[in-house]
Structures are given as C-alpha cells and as structure tokens.
Amino acid sequence: MKKWLFLLLLLIVGAAGILTIYLKQPSGKPEVTDAAEEASLTLRTMTAAYVKENRMDVRVEGKSLSLFNYPILADDEMGILCPEHFLEDIMGCAFLRYPEGKLLLLRKGEEITIDANTGAAEADGNSFPLSGPVMISRDDEFYLPIESLLPYLGYEAVYSYADNAVSFTCVDGGNSLPEKFDLRDYGRVTPVRDQGSSGTCWAFAALGSLETSLLPYEEEIFSVDHLANHNSYDLEESDGGDYSISISYLAAWLGPIDEKDDPYGDGVSPDNRQAARHLEEAVIMENRDDEMIKSAIYKYGGVETSLYVEMTYSGQSSNYYNEKKAAYYYTGSERPNHDLVVVGWDDTFPKENFTEKPSRDGAFICRNSWGSGFGDGGYFYVSYDDVNICRKAIVYSRLGSADNFDHIYQTDYLGWVGQMGFGKESAFFANVFKAEREEDLAAVSFYATGPDTTFSIYMVHDFQDTDSLADREFILTGETRYAGYYTVRLPEQIPLRKGERYAIVVNIHTPGSDRPIAIECENGEMTRSMTTADGEGYMSLYGQLWHRAENTPCNICLKTFTNDRKKEEDTEESEEN
C-alpha cells in the first residue's frame, strides 16, 4: 500500500511540476526543468520495475488477451517489447529469421528488415533505428522493441499504469493479405521429394509442412521412413495414414529425426533415435475458411491438407487435371485420398487454366510428393472451388528445440483418437504421474477439441486417491482460438520430489461440444496397441465426483514436461555469470 501511495504522490508531483512549467511560459516551446526530468525518469524506472514484478495485461481493440498468456515486457525505460508470436498471432505478421541475426517482418505484403545485432531497421525505403535492443528469451523467442515499428505495423499502443496494461489499437483497417503469396519466394520450402509406390503421402505432407516452420533460418529434412515405421499405430507403409498419426508421433517425442539417420526407401528403419525437435503446438482448422488458411501459411508456414485425386503417381492423366497448366479441380463426391502441403495462393490464377472451368479465378499453390517431374517442378495449382481442398487443414505453428524440456510424462501415445464428456460444453480431466527424480514441473500439454476453448490448470501434490483432487491448487487460466494440440508453460516451475505422485487437473470449456475431452482409445485395427496399463486418469463433470478413465477404457490426452533440478552451486554460478 505504501508503495502505491508513494507512486501516486510521485505522479501527482511530477504532473504538477510540468503543469507549472507550461503556465509560466508566455509563448514558445516550454522548457522542462531538471527536477521535472528527474521525477519523470524516476517514475519510468519504478513503473518498469512494477511491470517486471507483475505480468502486464495485453489489450487489443479494448479486449483483454490475458487468457492467451502473451508475455509483453517492458525495459527500464518503459519501452514495450513484443514476442514474435504476438506479432504473428495478433498483428498478422510473418516473422522470418535468417542467419547472422537478420529478421524480416511481412505485413500486408510490405517488408520490414531488421538487424537484431545493431538494431537497424528499414521499411518502405526508410532506414531507422529500433527504439531499444532486440532480446531473446530462454525459449529462443525474439522480443522486439515495438515503438519504432508501430507505424509500419498499423497499430498504436498506450500503456496504462493504473491497469498495468498496454492497449493496442489498429489504425490502418486491419491486416489484409496480398493477392499472391508463395513460400518459395522467401526460401521457405525444402526440395520436392518422391514417395514412389508407397502410401506415405501423409507422412511427406506432415514433415514437409513441419520443415517450412524452421525455414529460412534452418533447413532440415526429416525422415519419412521413421514417421511411417515408428509411430504408435499398427499400420504398414502401404496402409496410408493421416494428420492425427503425425501429431501423436511428434507430440510423444518419437520424432522427427533427420533424414540422414533413416533414409527413405532403403528398407531399414533403426530404433532408439532421439527426436531432433519437439512439437509444442499444432493448429487444426476443421472448417474451410480461405482467409484463415492463407493467414496460417503467411504467418507459420506450409499447411497440411488433403484432396481427392484420380492419379496415383506422376505421368497418369485425369479429367480433372490440366497437365499443361499444372491445374487441378475436382467436382465429384469422392472423399480425399491424398495429402499434400499448401505453400501459397494466387487470387489471379485464371479459371480458364482448369479443364472444367470453376466459378472464379484463384488457386492454392500445392507441393506434391511425386517428384519434380510432376506439375510445375513438383508443384501444382488447385482451384479454390475444389470440393475437398482445405476442408481440414493442419499447420505446425510452434516447434521447440530438442532440449526445450528435459523429460516427458505421458500415456497417450496414440494421441487424440476419440472424445469423452458428460453432454455439456465443460468438463474436468486429470492425469496422475510419479516423479522419477528430483525435478521441476515446467509445462503441460493437451488437445483443444474445438475452437475458442478456455481452460484452467490445477496441481495436486502427494496424490493419494480421488479425494486428493479436491485439494487442487490453481496455476493458470488460458484460451485457444482453434482446435489443436497445445503446450502450456507454467508461470513458475513447480518442484517435485523423487517418487512423488502428483496430478494435473484441467477444467476445459469448448463451445458447441458435448464431449470436450480428447482421449486415446481403441478404434479399429490401427489402434490395437492402445493400453490402459500405463495410465491413471480421471474425468468429472463438476470436479467433485470422479470417474476412472481406464474403466472406459481410455487414456486421457494430457502430458507433463519437467526439467532436472539444478544444483545450488550451478544456480549460484549462473547468477554470477
């Protein structure tokens, strides 16, 4: 209370001093005295310290985004720093990393180049310095000083000390996407590959999409053989697959691994390979929305989707495919049978280029897995009017390093196979795990089974039985805009003792759903490997009466991530450095 009163008094004194200066100057520009400058500097410094101690609320067009947990920061001069994912998710920017600290922001088709080392920036032919240094978090996320960039991003920002909130207002009519966009133009695609006679288009599409999320900063070619042979489903390469298998494989840290460690088509796929990356987020867009699809490509990279094709390999003909124009348009009723990656769009692509003329111009630019001899160097154009394209689409929007967390606890290796609930939009679910060492709980992950899902996460120490779940301790509340797989980092890591049984409880609300809980369960021959022997999960409508998930039988899709406990001497040495 004393601190608040002192700050309020300081604010009043500072304001009074400045007001006096204006009143005393008969004309011309008022002069600020040394005392006023000192008061203003002190206020800024104390405000910055307060912001660091208390998470700042973020508001866009008057709406609080606190549930989305965007960690907006302030430096010692009260300069606002925004994380790259805020620039992507909210401001509609594409954020591209290049080697040697070069950054590129794209918005509304315009480019802003930034040198993270020197703070120099350029936009619309104008060079200017950033308003502060670029920072990088422990999670390898860039934070940009936003003040000097706001005019080029079409936003204004105002900080309110009373609310400890920064409010962003769009002043240029909002983000509009260019009529043409192609990831190839920005070096964001890996070489076209050939699946041959195997039914692995789904794996090529998933990994091809994943690879674009790292480019242009880092080019990785991931092993399709490993994904096809080392996922948790019972299937052969000829059986085919889909995005749910890919997400479960990546979320379980089974992969991806580098292509050089398991080359495609050699008949061998070794065991015991460590994942080269850890998936943290995958957005699932379940209903066709062209603006959403384009925005996902623009911001995050290639989108995995499927369509129906009559051809089974390069060289075959189809009444729906114009080989000369590499243009495809299907008008029938067949279900999708082929996966690919959407890498761009062209609103001006003539409808006359298709064998059967669609109702409008425009096409998605798609990368196939039939080698560079197919279409336009391995790419082709699919009409916006195609009945299947992007009816369901996936983008891997956040890919962490292989050391983002030290350990994973899980029982849902098959991932989201089915859903459970109690006929309501809300439900509770929980998983119990046993700590294998002295470690710290750092994050949890689960699926949102529909858009606009809100959730609250709780922790139970020393779990004994379902009565323990009544003593859950609140950790945080959040929200997701789309269905998908999400990893949620905790505000502070929670110490766990070796051998401690602990539970994570999630209260989830998914509008329009009567079964909001994602579960692993048996559903046909491909899921025969599912077992409930390794799990202890619970479900509840109101968080009071709990039902054992394994009696259903199923496993709850809820994972936890931990880090090894640092020794005291390591912590002291780190602080000294």
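Residues numbered from 1 in each chain as written. Predicted model: local features only at pLDDT ≥ 70, side-chain atom pairs only at ≥ 80, totals over all residues. Heavy atoms only, no water.

**Here we look at the packing of aromatic side chains**
Then comes step 1: As enumerated under the stated definition, the model contains 33 aromatic pairs in all.
Then comes step 2: Summarising the aromatic geometry, the rings of F446 and F455 are spaced 5.1 Å apart at their centres and angled 75° between planes, so their arrangement reads as edge-to-face.
Then comes step 3: Take F455: its relative accessible area is 4%, and that puts it in the buried class.
Then comes step 4: Ring centres of F463 and Y538 lie 6.0 Å apart, and the angle between their planes is 40°; this geometry places the pair in the tilted category. Of the two residues, F463 sits in the loop between β27 (453-460) and β28 (473-480) while Y538 sits in strand β32 (residues 537-540), which places them 75 residues apart along the sequence. With respect to class, F463 is no different from Y538; both count as buried.
Then comes step 5: Counting every residue linked through ring pairs, the aromatic cluster contains Y321, Y328, W370, F374 and F380.
Then comes step 6: The ring centre of Y379 lies 4.2 Å from the NZ or CZ of R184, which sits over that ring.
Then comes step 7: The ring centre of Y458 lies 5.5 Å from the NZ or CZ of R472, which sits over that ring. (Phe/Tyr/Trp six-rings, centres within 6.5 Å; stacked < 30°, edge-to-face > 60°. Buried < 20%, exposed > 50% of the residue type's maximum accessible area, 1.4 Å probe, protein only. Helix = DSSP H or I, 4+ residues; strand = E, 2+ residues; numbered from the N terminus. Lys NZ or Arg CZ within 6 Å of the ring centre and 35° of its normal.)

**Re the pairing of strand β20 (residues 363-367)**
Then comes step 1: For β20, a buried count of five out of five residues is recorded, marking the element as mostly surrounded by other parts of the structure.
Then comes step 2: What you see with β20 is no split at all: A363, I365 and R367 on one side and F364 and C366 on the other are buried throughout.
Then comes step 3: Here five bridges tie strand β19 (residues 338-346) to β20, and the two strands are oriented antiparallel to one another. When the sheet's bridge partners are listed, W345 is paired in β20 with F364. (Pairing = 2+ DSSP bridges.)

**A closer look at the confidence of the model for the protein chain**
Then comes step 1: Averaged over all residues, the pLDDT of the protein chain is 88; the fraction at 70 or higher stands at 88%.
Then comes step 2: Confidence over residues 1-37 falls short of pLDDT 50; this stretch has 23 contacts with residues more than four positions distant or in other chains.
Then comes step 3: Residue range residues 571-577 is modelled with pLDDT below 50. Its contacts to residues more than four positions away, or to other chains, number one contact. (pLDDT = per-residue confidence, 0-100. Contact = heavy atoms within 4.5 Å.)

**Some thoughts on the sheet that holds strand β30 (residues 501-509)**
Then comes step 1: In space, the six strands of this open sheet follow the order β28-β27-β30-β25-β32-β33, with antiparallel pairing throughout. Whereas interior strands pair on both sides, the edge strands pair on one side only; in this sheet they are β28 and β33 (547-548).
Then comes step 2: Here strand β25 (residues 426-434) pairs with β30 via nine bridges, running antiparallel. When the bridges of β30 are listed, A427 appears paired with I508.

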